[in-house]
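Summary of the model geometry
Letter by letter, the chains look like this.
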Amino acid sequence: MREISIGEAERRSGIKVTTIRFYEERGLLPAPPRSDSGRRIYDAATVERLGFIRHARDLGFRLEDIADLLALQGQPGASCAPADSLARRHLSAVRERIAALRALETELERMVSGCDHTDTAHCRVIETLADHARCIADHPTGLTGELDTAGAGKAD
């Protein structure tokens with residue numbers, strides 16, 4: 001086994017050292033063996049696992065879901081139905097966020113196009129932001145206020 005330092009693992013995987021340590025703390029990576037001097041030692045399989053995690057994060061999967069997928073990956077003979085189900089739930093959530101973003105885009109376009117650029121006393125942008133009911137009145141389904149971006153952020 002060729003020993004790989006954490007810096008080399010970072011370079012190969014594109015995941016920062018601090019994030020690699022974070023993934024270890026969260027249990028996504030096994031605790032690595034250490035050299036006599038106490039440095040973490042990784043192998044090619046761990047770097048591949050980091051690549052899996054990175055790709056899953058790039059696709060917006062939550063850490064809990066990634067842990068489940070990694071557990072399934074370790075069971076090559078098991079059914080892939082749980083992985084498929086998890087991916088389908090994630091796809092549904094992404095579609096909901098896209099719909100929310102489209103509604104947000106529509107509202108912002110309406111707000112910006114309604115501004116006549118005269119003065120702030122008659123500014124459609126300021127009027128709309130000052131009175132959220134203007135959004136809801138024009139859109140019976142309303143906007144939920146904040147777009148749910150849970151799971152969309154990245155730790156690396």
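These lines cover the structure that appears in this document, whether it is placed above or below. (Residues numbered from 1 in each chain as written. Predicted model: local features only at pLDDT ≥ 70, side-chain atom pairs only at ≥ 80, totals over all residues. Heavy atoms only, no water.)

1. A few points about the overall build of the protein
- Helices and strands together make up the secondary structure of the protein, namely seven helices and zero strands.
- For the protein, the N- to C-terminal ordering of α and β elements is α-α-α-α-α-α-α.
- Restricting the contact set of the protein to residue pairs at least 6 apart, pairs at least 24 apart contribute 51%.
- Total accessible area computed for the protein in this model is approximately 10200 Å², and 54% of it derives from carbon and sulfur atoms. (Helix = DSSP H or I, 4+ residues; strand = E, 2+ residues; numbered from the N terminus. Contact = heavy atoms within 4.5 Å. Areas by Shrake-Rupley, 256 points an atom, 1.4 Å probe, with all protein chains shown as cover.)

2. So, the packing of aromatic side chains
- Applying the stated criterion across every chain, the model contains one aromatic pair.
- Taking the centre distance of 6.0 Å and the plane angle of 50 degrees together, the rings of F22 and Y23 count as tilted. (Phe/Tyr/Trp six-rings, centres within 6.5 Å; stacked < 30°, edge-to-face > 60°.)

3. A word on the pattern of salt bridges
- As enumerated under the stated definition, the model contains nine salt bridges in all.
- A salt bridge links E24 to R40; its shortest N-O distance comes to 2.8 Å. With E24 in helix α2 (residues 17–25) and R40 in the loop between α2 and α3 (44–58), this residue pair connects regions lying 16 residues apart in the sequence.
- Owing to a relative accessible area of 13%, E24 belongs among the buried residues under this scheme.
- Here the salt bridges share partners, and the residues they tie into one network are R26, R62, E64 and D65. (Salt bridge = Lys/Arg side-chain N within 4 Å of Asp/Glu carboxyl O. Buried < 20%, exposed > 50% of the residue type's maximum accessible area, 1.4 Å probe, protein only.)

4. Topic: the nonpolar core
- Counting 20 residues, the largest nonpolar core has A9, I20, Y23, L28, L50, I53 and I66 as the members making the most contacts within it.
- Setting aside residues up to four positions removed in sequence, I53 forms contacts with Y23, L28, L29, I66 and L70. (Core = buried A, V, L, I, M, F, W, Y, C linked by side-chain atoms within 4.5 Å.)

What is shown is where atoms sit, not what they do.
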